[in-house]
Amino acid sequence: MTVSKRISNINISSTMKIAQEAKEMLHKGIDVIDLSVGELDYPTPPNVKDAAIKAIDQNFTKYTINSGTIELREAIADKLRKEDYLNYSPSEIIVSNGAKQCVYNAIQSVINDGDEVIFSSPYWVSYPEMVSLAIGKSVIINTNERDNFKISREQLEEAISPRTKLLILCNPSNPTGALYNRNELEKIAEIIEKHNFYVIADEIYEKMIYDDNKFVSFASISEKVKSKTIVVNGLSKSYAMTGWRIGYAAGPQHIIKAMNKIQSHSTSNASSISQAAAVEALLGPQTFIEQMKNDYQKRRDFFFNEINSINGLQCFKPQGAFYLFPNITYFFNKSTNIFRIEHSFDLAMYLLYEAKVAAVPGSSFGSEGYLRMSYTASMEKLGEAAKRIKNALGKLT
Ligand SMILES: Cc1ncc(COP(=O)(O)O)c(C=O)c1O
């Protein structure tokens, strides 16, 4: 007896291996600086925690409507209207257990066997595996730092076939921090308007936008684009709420209905307590976001300068999210007497053992030759990490 074909086709990512190893080292008392994480080092804002405590005290601890409470879906509709100029009724919105579940349910809702799903590499680790679970086919457009990790109109046109059913657009991007501006989104939108397929706009990092850059929600480009787009967002990154598991999707009613069906037969509603907390996060004071953004911009500037000044590391300056994605190919075929570096995984393992710094190999994101490092650690830790990385890389010849 074996596991299903669908599951045996799925990879456990090397991200997990590095994170697991880093955790075991930390458990043994080894001073590892973990830059592999995908979350803020801030606690959840106190008003949000208080709302959850209140929900428990008031026994708001039972099943809710499968697609989320009306209060929360109205708060989300309000946010989308005010911030993104998008009009959705609560019936066009679903709340799920994290944005991850929204992406999964959206893919399951639109993909038939063999349908093609276009997205760019480097990609978020879960996209190809989710496509594979839906028996779809990933069509990957490769990007690199020379094109600012963004796809062009020509590349997209080339990737489209009669079997294309979906484009996934992660903006700003995990892992690169690249941000599409309005003009670039309009160019992509022109193609979407001409064709007959859906778009998942994964906008989970929308609040982490730096300098004078502006975030534009893809669905807001035109009514035609909106009618084909499933906007995915959530509170994990924006409100330091990764553990609360609240994500949401807004889109065409028939797709949201389909996502609701899947959710009703798998997890049911997201936690009632987390939903009450999410209403407060969205409707309460927003000062947290501005503070967090300013703080992360400082960390980005500092860590970017530190990493870019290390001989052999070349780094794209991210406009959003909270990751650096330096090119590390300079170190390929270099070695110490114990380690030889041939792939990004080797360099990640080398840095973990030699520098005690955990980073994620680019291969996990479909792009060999890079490492992903989160700059969500404190300035002090980032400074120490950069020093250790420089030292370790200096030993490779
Ligand atoms: C691009 C992207 N989309 C979606 C998610 C999922 O977020 P959530 O924690 O809300 O499930 C993540 C989390 O790392 C992400 O990086």
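Cut-offs and rules
- Residues numbered from 1 in each chain as written.
- Predicted model: local features only at pLDDT ≥ 70, side-chain atom pairs only at ≥ 80, totals over all residues.
- Heavy atoms only, no water.
- Near = heavy atom within 4 Å.
- Polar contact = N/O pair within 3.5 Å; in protein donor to acceptor, adjacent residues only side chain to side chain.
- Areas by Shrake-Rupley, 256 points an atom, 1.4 Å probe, with all protein chains shown as cover.
- Pairing = 2+ DSSP bridges.
- Helix = DSSP H or I, 4+ residues; strand = E, 2+ residues; numbered from the N terminus.
- Axes fitted to C-alpha atoms, helices over the stretch in contact; angles between N-to-C directions.
- Contact = heavy atoms within 4.5 Å.
- Expected span 1.5 Å × (residues − 1).
- Buried < 20%, exposed > 50% of the residue type's maximum accessible area, 1.4 Å probe, protein only.
- Arc of directions from axis to C-beta.

Undergrad: Can you explain the site of the ligand? Please cite residues and give values.
TA: Around the ligand there are 13 residues in total, and Asn174, Asp202, Ser236, Lys237 and Arg245 lie nearest to it. At 2.8 Å from an oxygen atom of the ligand is found a main-chain nitrogen or oxygen belonging to Ala99. For the ligand, an oxygen atom lies 2.7 Å from a polar atom in the side chain of Lys237. Protein contact buries 92% of the 400 Å² of open area that the ligand shows by itself.

Undergrad: Outline the sheet that holds strand E2 (residues 93-96), supporting the account with residue identities and numerical values.
TA: Pairing is mixed in the open sheet, where 7 strands are placed in the order E2-E8-E7-E6-E5-E3-E4. Pairing within the sheet leaves two strands with one partner each, and these edge strands are E2 and strand E4 (137-142). If you compare each strand with its neighbour and ignore which way they point, the axes differ by 20° on average. When strand E7 (residues 229-234) meets strand E8 (residues 247-250), the two strands line up antiparallel, connected through 4 bridges. Residue pairing for E8: Val231 is matched across the bridge by Ala250. Its contacts with the sheet put helix H6 (residues 126-133) on strand E3 (116-121), E4, strand E5 (164-170) and strand E6 (198-202), and the angle it makes with E3 is roughly 170°.

Undergrad: Give a description of helix H3 (residues 46-57) that names residues and reports values.
TA: For H3, built from 12 residues, the straight-helix expectation of 16 Å at 1.5 Å per residue is met to within 8% by its first-to-last C-alpha distance of 16 Å. For H3, the complete set of buried residues consists of Val48, Ala51, Ala52 and Ala55. Within H3, the buried residues cover an arc of 100° as seen down the axis, which keeps them to one side. Among the exposed residues of H3, those pointing more than 90 degrees away from its buried face are Pro46, Lys54 and Asp57. With its phi angle positive at about 60°, Asn59 sits one or two positions after the end of H3.

Undergrad: Which residues make up the sheet that holds strand E12 (residues 371-374), and what values do they have?
TA: Taken in spatial order, the 3 strands line up as E9-E12-E11 in an open sheet, and their pairing is antiparallel. Lying at the two open borders of the sheet, with one neighbouring strand each, are strand E9 (323-324) and strand E11 (360-361). Judged from the 2 bridges that link them, E9 and E12 form a sheet pairing that is antiparallel. By the bridge assignment, Leu324 is partnered in E12 with Met373.

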